[in-house]
Amino acid sequence: MEFRDLKRQYQHIKPMIDANIAEILSSAHFISGEQVKTLETALASYVGVKHCITCANGTDAISIALMAHGVGAGDAVFVPDFTFFSSGECPAAVGATPIFVDVCSDTYNMDPKSLTATIEKIINENELKPKAIVAVDLFGQPFEYQAIRLICNRYGLLLLEDAAQGFGGHIVLPDGTVKMACSLGDIATTSFFPAKPLGCYGDGGAIFTNDDYIASLCRSIAVHGKDMEHPDDPNAKYNNARIGMNSRLDTLQAGVLLAKLPLFKDEELEAVSHVADLYTSFLSGIDELIVPVVKENMYSSWAQYTIQLPLSFSDGETMNRRAVQTRLKEKNIMTNVYYIKPMHKQGAFKDTRSAVADCQVTEELCGRVLCLPIHPYLEDKEVKFVVSELKIALKRTKTF
Ligand SMILES: *Cc1c(COP(=O)(O)O)cnc(C)c1O
């Protein structure tokens with residue numbers, strides 16, 4: 001059983017995908033073809049944000065967003081300690097210092113209390129300027145929007161939503177307003193890596209903002225810093241106004257995403273949510289095992305279904321988690337551990353200010369979490385099979 005079954009999905013939508021790809025092959029507009037614009041319009045409208053700028057991947061999207069806001073040397077960027085490496089890699093790549101913040105043990109998302117404490121600490125140290133927050137929608141669930149928005153306002157920080165895993169999720173505000181993932185930050189980024197909620201057939205990413213000027217800067221940065229501010233000046237075309245990068249979404253990937261988007265909206269989000277609910281109902285009774293919590297008025301796109309194994313299975317001395325994974329693999333059930341290492345302990349941050357962090361919850365999670373197979377095409381009987389094999393694996397491993 002695959003962890004995320006992309007072959008089944010392709011079989012389901014083959015005619016649309018094949019038609020879009022064939023059309024692009026015959027047009028031969030492989031870079032910046034019309035499908036890219038069409039996709040940007042469709043994505044912006046879906047998430048309810050004025051501008052969508054596609055780019056080569058979700059990592060570039062974060063870097064471009066930070067560059068467009070002038071984030072760089074001397075700036076502190078607050079990032080959850082429990083996330084994929086890019087969330088902290090990009091602030092560092094643009095010259096800023098990622099400062100890692102602990103997460104909540106139930107939602108796995110950035111803890112507003114830890115965030116405030118960490119910002120205060122940086123202010124007191126008086127070495128770095130607090131500049132931005134990278135709020136990650138981890139495993140598909142939108143970050144703690146209301147609390148973190150307030151903190152950004154109080155300290156005057158840029159709010160960047162890293163929605164690489166969150167695309168398709170949403171929140172409902174107390175007044176009933178629905179806000180989609182990718183519309184929750186001053187700027188937001190996502191990834192179309194194949195295994196993400198909306199994936200293409202290679203690398204891809206996008207940036208979302210309501211700000212016209214920031215949008216034009218992002219467009220410029222994504223194409224070698226090309227001068228985009230003077231469309232009427234014929235010489236501007238040959239002027240590179242700033243240092244940028246080469247980061248575009250291929251037309252072929254846009255064609256794949258255009259074929260997938262309607263299905264994603266109309267069927268897959270609901271189907272994957274059903275799988276998650278089924279897991280939660282089957283797993284809820286198991287002693288000491290913790291199922292993922294989605295907060296009231298939050299809707300996850302379920303990029304991952306991540307449980308916490310009973311404490312006795314925690315990695316470290318015992319290696320019991322690995323034993324559980326091995327047993328499941330023998331039954332052809334693929335699992336993963338996201339994430340096995342806190343960000344502040346990554347080798348790249350060794351001996352830097354980024355390595356200093358007070359993130360006990362993250363350290364415990366890294367030892368206990370296990371991600372089970374999840375995707376919209378997983379059948380009820382397969383979920384039941386995973387759960388019964390997991391129960392057996394837990395019993396057997398315990399008596400080791
Ligand atoms: C996958 C991911 C990224 C990076 O996306 P790529 O398209 O792989 O570059 C960034 N942040 C998070 C949280 C991710 O899961």
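Residues numbered from 1 in each chain as written. Predicted model: local features only at pLDDT ≥ 70, side-chain atom pairs only at ≥ 80, totals over all residues. Heavy atoms only, no water.

(A) Seen up close, the site of the ligand. Around the ligand, a shell composed of 15 residues is seen, among which Gly58, Thr59, Gln165, Ser191 and Lys196 lie nearest. Side-chain polar atom of glutamine 165 to an oxygen atom of the ligand: 2.7 Å apart, as the coordinates give it. Taking lysine 196, its side chain carries an N or O atom lying 2.7 Å from an oxygen atom of the ligand. Starting from 380 Å² of accessible surface for the ligand in isolation, the protein chains cover 93%. For the shell around the ligand, the secondary-structure elements that each account for two or more residues are helix 3 (58-68) and helix 4 (86-93). The leading source of residues in the shell around the ligand is helix 3, at 3 residues. (Near = heavy atom within 4 Å. Polar contact = N/O pair within 3.5 Å; in protein donor to acceptor, adjacent residues only side chain to side chain. Areas by Shrake-Rupley, 256 points an atom, 1.4 Å probe, with all protein chains shown as cover. Helix = DSSP H or I, 4+ residues; strand = E, 2+ residues; numbered from the N terminus.)

(B) Seen up close, the pattern of salt bridges. A complete count under the given rule lists 14 salt bridges for this structure. The salt bridge involving lysine 14 is made with aspartate 18; its shortest N-O contact spans 2.8 Å. Remark: aspartate 18 and lysine 14 occur in helix 1 (residues 6-27); sequence separation between them is 4 residues, near one turn of the helix. Measuring nitrogen to oxygen at the nearest pair gives 2.8 Å for the salt bridge that ties glutamate 125 to arginine 353. Of this pair, glutamate 125 sits in helix 5 (residues 112-125) while arginine 353 sits in the loop between helix 9 (320-330) and helix 10 (360-368); the two residues are 228 residues apart in sequence, bridging distant segments of the chain. Judged by its relative accessible area of 33%, glutamate 125 is partly exposed. Residue arginine 353 is classed as partly exposed on the basis of its relative accessible area of 22%. Salt bridges sharing partners connect three or more residues here, namely Asp5, Arg8 and Glu382. (Salt bridge = Lys/Arg side-chain N within 4 Å of Asp/Glu carboxyl O. Buried < 20%, exposed > 50% of the residue type's maximum accessible area, 1.4 Å probe, protein only.)

(C) Representation of the packing of helix 3 against helix 4 within the structure. Contact geometry for helix 3 and helix 4: axes closest at 9 Å, N-to-C directions at 40°. Judged by the angle between their axes, helix 3 and helix 4 are oblique. Relative to helix 4, helix 3 is oriented so that their crossing is right-handed. Of the residues in helix 4, those touching helix 3 at Thr59, Ile62, Ser63 and Leu66 are Ser86, Ser87, Glu89, Cys90 and Pro91. (Axes fitted to C-alpha atoms, helices over the stretch in contact; angles between N-to-C directions. Parallel < 35°, antiparallel > 145°, perpendicular 65-115°, else oblique. Left-handed = near helix turned anticlockwise from the far one by under 90°. Contact = heavy atoms within 4.5 Å.)

(D) View of the packing of aromatic side chains. Per the stated rule, a full pass over the model turns up 16 aromatic pairs. Plain terms: the ring middles of tyrosine 338 and tyrosine 339 are 5.5 Å apart, the flat faces sit at 45° to each other, and that makes the pair tilted. For tyrosine 339, a relative accessible area of 11% puts it in the buried group. Chaining the aromatic ring pairs together yields one cluster made of Phe3, Phe82, Tyr108, Phe139, Tyr338 and Tyr339. Positioned over the ring face of phenylalanine 84 is lysine 196, at 5.5 Å from the centre of the ring. (Phe/Tyr/Trp six-rings, centres within 6.5 Å; stacked < 30°, edge-to-face > 60°. Lys NZ or Arg CZ within 6 Å of the ring centre and 35° of its normal.)

(E) How the structure looks around unusual backbone geometry. Looking along the chain, the bond that leaves tyrosine 338 and enters tyrosine 339 is cis, with omega of 5°. Relative to the assigned elements, tyrosine 339 resides in the loop between helix 9 and helix 10. Positive phi, normally seen in glycine, also occurs at tryptophan 302, with a value near 50°. The topology assignment puts tryptophan 302 in the loop between strand 10 (298-299) and strand 11 (305-308). Judged by relative accessible area, which is 8%, tryptophan 302 ranks as buried. The backbone of aspartate 351 shows a phi angle near 65°, a positive value even though the residue is not glycine. By the secondary structure assignment, aspartate 351 is in the loop between helix 9 and helix 10.

(F) Molecular detail of the environment of methionine 16. Relative to the helices and strands, methionine 16 resides in helix 1. As a C-alpha pair, methionine 16 and glycine 255 span 239 residues in sequence and 9.3 Å in three-dimensional space.

(G) Just the sheet that holds strand 6 (residues 170-172), in detail. Pairing in this open sheet of 3 strands is antiparallel, and the strands run 7-6-10 from one edge to the other. Here the strands that pair on one side only, and so sit at the sheet edges, are strand 7 (178-180) and strand 10. In terms of strand pairing, strand 6 meets strand 10 through 2 bridges, oriented antiparallel. Directly across from isoleucine 171, in strand 10, lies its bridge partner methionine 298. (Pairing = 2+ DSSP bridges.)

(H) Structural view of the nonpolar core. Within the largest apolar cluster, 70 residues are counted, with the highest numbers of intra-cluster contacts made by Phe82, Tyr279, Leu283, Tyr305, Ile307 and Leu390. With 30 residues, the next largest nonpolar core counts Phe167, Ala206, Phe208 and Ala259 among its residues. (Core = buried A, V, L, I, M, F, W, Y, C linked by side-chain atoms within 4.5 Å.)

(I) A look at the side chain of threonine 190. Positionally, threonine 190 belongs in strand 8 (residues 187-191). Residue classification places threonine 190 among the buried residues on the basis of a relative accessible area of 0%. Here alanine 163 takes part through its backbone oxygen, which lies 2.8 Å from a polar atom of the side chain of threonine 190.

(J) Region of interest: the sheet that holds strand 9 (residues 205-209). Taken together, 7 strands build an open sheet; the order of strands is 1-9-8-5-4-2-3 and the sheet is mixed. Looking at the sheet topology across the chains shown, the edges are occupied by strand 1 (51-55) and strand 3 (97-101). When strand polarity is set aside, the average angle formed by the axes of neighbouring strands in this sheet is 25°. Relative to strand 3, strand 2 (residues 75-80) is paired through 5 bridges, and the arrangement is parallel. Paired with valine 77 across the two strands is proline 98, which belongs to strand 3. Contacts between helix 2 (residues 34-47) and the sheet are confined to strand 1 and strand 9, with strand 1 contributing the most and set at about 130° to the helix. Against the sheet, helix 3 makes contact with strand 1, strand 5 (158-162), strand 8 and strand 9, and its axis sits at roughly 165° relative to strand 8, the strand it touches most.

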